[in-house]
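Take a look at the letters that make up each chain.
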Amino acid sequence: MSEYVTRAIVLGFKDSKEHDKIFDFYTEDLGRIRVRAPGGRKIVSKLSPHLDICNLATVKIVEKNALTLTDAVVEDDFKVSREKEGFFARALRAANVLRVISPEAVPDPALWDFLIYSLQSGAFNFVALISVLGYDPRHASCTWCGASDIAFFNEGSQEFLCEFCGSKINENNLLYLK
Ligand SMILES: [Zn+2]
């Protein structure tokens, strides 16, 4: 059994069976991980106020077959950033990109620093986000038509698309880069 204490950014969560809650974290020491806050509403209700989406928290995690969350204390809820128009929508969008693209359990100090900076400044720059994830929007061209003026990134297929080709896809699936 190993125990970890690390800073974590909350990417999202969902309810699970028997009142468990599953959290997606991007952590400083472990990279992106998924942890279970185990059954019993008591623990979940004690920890949940610390673990709003986009909060920075110090978390304690025990690894025994699976990763289990045993404690959490919020460090920063980025209140000023949250009040900025459009911030939360962009942050949620960025969290989804991370869930799809960033590998599990691979720490990445550059990505961590980028996320902290984005939360503190209240601005999520999507070009910078996918660049730090290892894609190169500046030298990309549209996967479908070859146009060099790209406007979108599709995290599902990891394709760059121009404005015209991107307009044929449900834009909820696309990251707008302009
Ligand atoms: Zn195109």
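Residues numbered from 1 in each chain as written. Predicted model: local features only at pLDDT ≥ 70, side-chain atom pairs only at ≥ 80, totals over all residues. Heavy atoms only, no water.

Chemist: I would appreciate a short explanation of the coordination of the zinc ion in the present structure.
Modeler: Four donors placed tetrahedrally about a metal ideally form angles of 109.5 degrees, and six donors placed octahedrally ideally form angles of 90 or 180 degrees. Within the protein, the atoms that donate to the zinc ion are Cys142 (SG), Cys145 (SG), Cys162 (SG) and Cys165 (SG), at distances of 2.3 Å. We note that the donor set of the zinc ion lies within a single chain, spaced as C-x2-C-x16-C-x2-C. Of this pair, Cys142 sits in the loop between helix 5 (126–132) and strand 6 (150–154) while Cys162 sits in strand 7 (residues 159–162), and the two are 20 residues apart along the sequence. Grouping residues by exposure puts Cys142 and Cys162 together as buried. (Donors = N, O, S within 2.8 Å, 3.2 Å for Na, K, Ca; no water. Helix = DSSP H or I, 4+ residues; strand = E, 2+ residues; numbered from the N terminus. Buried < 20%, exposed > 50% of the residue type's maximum accessible area, 1.4 Å probe, protein only.)

Chemist: Which parts of the structure should I look at to understand the domain arrangement of the protein chain?
Modeler: In many analyses, interface size is given as the accessible surface area lost on bringing the parts together. When its domains are assigned, the protein chain resolves into domain 1 (1–130) and domain 2 (135–178). The gap between the C-alpha centroids of domain 1 and domain 2 is 27 Å. With eight residues of domain 1 in contact, the opposing surface of domain 2 contributes 14 residues. When domain 1 packs against domain 2, the two sides together hide about 990 Å² of surface, and 68% of this comes from carbon and sulfur. (Domains from an automatic or database assignment. Contact = heavy atoms within 4.5 Å. Buried area = accessible area lost by both parts, 1.4 Å probe.)

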